[in-house]
Amino acid sequence: MKNLLIVSHPHLAMSHIHRPLLDELAELPDSRVHHLESMYPDGEIDLLAEQEACEHAQRLVWQFPLYWHSCPALLKRWQDDVLCPGWAYGRRQQLAGKTLWLVVSMATASRQYGTLDAAALAAILRPFQLTAEGLGMRWQPPLIMDIQPDTPQGDQAGAQLAQLQGFIARYREGLTAAWL
């Protein structure tokens, strides 16, 4: 398996971004999706199954909406449980040499966070980069979708759909790219 997509979104069925992303990429070869909230509704992560899946992947993708400057709680729990000493770091570094890529949405960024320039966004995502580096992984710059809900003119729904379709194309291209 080339890509393991670790997706965390507590309300995926209602998502106007992440649900269409997964629908469009479901048939992508060499990729496997783990939607954490569907797989672990009780929050109890199958540590061994997740570690085994990670070992078989060349690239880990963490896909999530940005929630208060971080990822959703279950992805954080996944990190705390799966990336344990003696497996991810320390004696063994099972993820060393693999690539970590973030695919992040910020559907309400302008309202929730104020104006975010590239430097501010890089600072918010820096802990993820440090995690990758600490595990001996290669860091791939994140793919970020910032849908502005208050498009001032024109067809807002049409503009958002075009933006989403462009994002899906960039995501698909990234998953099939040879930058492993």
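Structure's up top.
Here the structure is a predicted model, which means the values were calculated and not measured.

Analysis parameters
Residues numbered from 1 in each chain as written. Predicted model: local features only at pLDDT ≥ 70, side-chain atom pairs only at ≥ 80, totals over all residues. Heavy atoms only, no water. Helix = DSSP H or I, 4+ residues; strand = E, 2+ residues; numbered from the N terminus. Expected span 1.5 Å × (residues − 1). Bend = angle between axes of the 7 residues up to and from the residue. Buried < 20%, exposed > 50% of the residue type's maximum accessible area, 1.4 Å probe, protein only. Pairing = 2+ DSSP bridges. Axes fitted to C-alpha atoms, helices over the stretch in contact; angles between N-to-C directions. Contact = heavy atoms within 4.5 Å. Phe/Tyr/Trp six-rings, centres within 6.5 Å; stacked < 30°, edge-to-face > 60°.

Draft legend 1. Inspection of helix α6 (residues 118–134) at higher detail. The end-to-end C-alpha distance of α6 is 23 Å, a good match for the 24 Å that 17 residues give at a rise of 1.5 Å each. Leu 125 marks where α6 bends most, by close to 50°; the proline Pro 127 follows one to four residues later. Looking only at α6, the buried set comprises Leu 121, Ile 124, Leu 125, Phe 128 and Ala 132. Where α6 terminates, the next one or two residues include Gly 136, which has phi positive at roughly 75°.

Draft legend 2. Examining the sheet that holds strand β5 (residues 138–145) more closely. Reading across the sheet, the five strands line up as β2-β1-β3-β4-β5 and stay open at both edges, with parallel pairing between neighbours. Edge positions in the sheet fall to β2 (31–35) and β5, since each of these pairs with one other strand and no more. In this sheet, neighbouring strand axes are inclined to one another by 15° on average, regardless of whether the strands run parallel or antiparallel. Helix α4 (residues 73–82) rests against β1 (3–7) and β3 (59–65) of the sheet, and its axis sits at about 150° to β3.

Draft legend 3. Region of interest: the packing of aromatic side chains. Scanning the entire structure with this criterion turns up four aromatic pairs. For the pair Trp 62 and Trp 78, a centre-to-centre distance of 5.9 Å together with 75° between the ring planes defines the contact as edge-to-face. Taken as a pair, Trp 62 in strand β3 and Trp 78 in helix α4 lie far apart in primary sequence, 16 residues in all. Among the residues examined, Trp 62 registers a relative accessible area of 1% and is labelled buried. On the basis of relative accessible area, Trp 78 is assigned to the buried category, the value being 0%. Between Trp 101 and Tyr 171, the ring centres sit 5.7 Å apart and the planes meet at 70°, which makes this aromatic pair edge-to-face. One end of the pair, Trp 101, is in strand β4 (residues 99–105); the other, Tyr 171, is in helix α7 (residues 156–176), and 70 residues separate them in sequence. Taken as a pair, Trp 101 and Tyr 171 share a single burial class, namely buried. Members of the aromatic cluster, joined through ring pairs, are Trp 62, Phe 64, Trp 78 and Phe 128.

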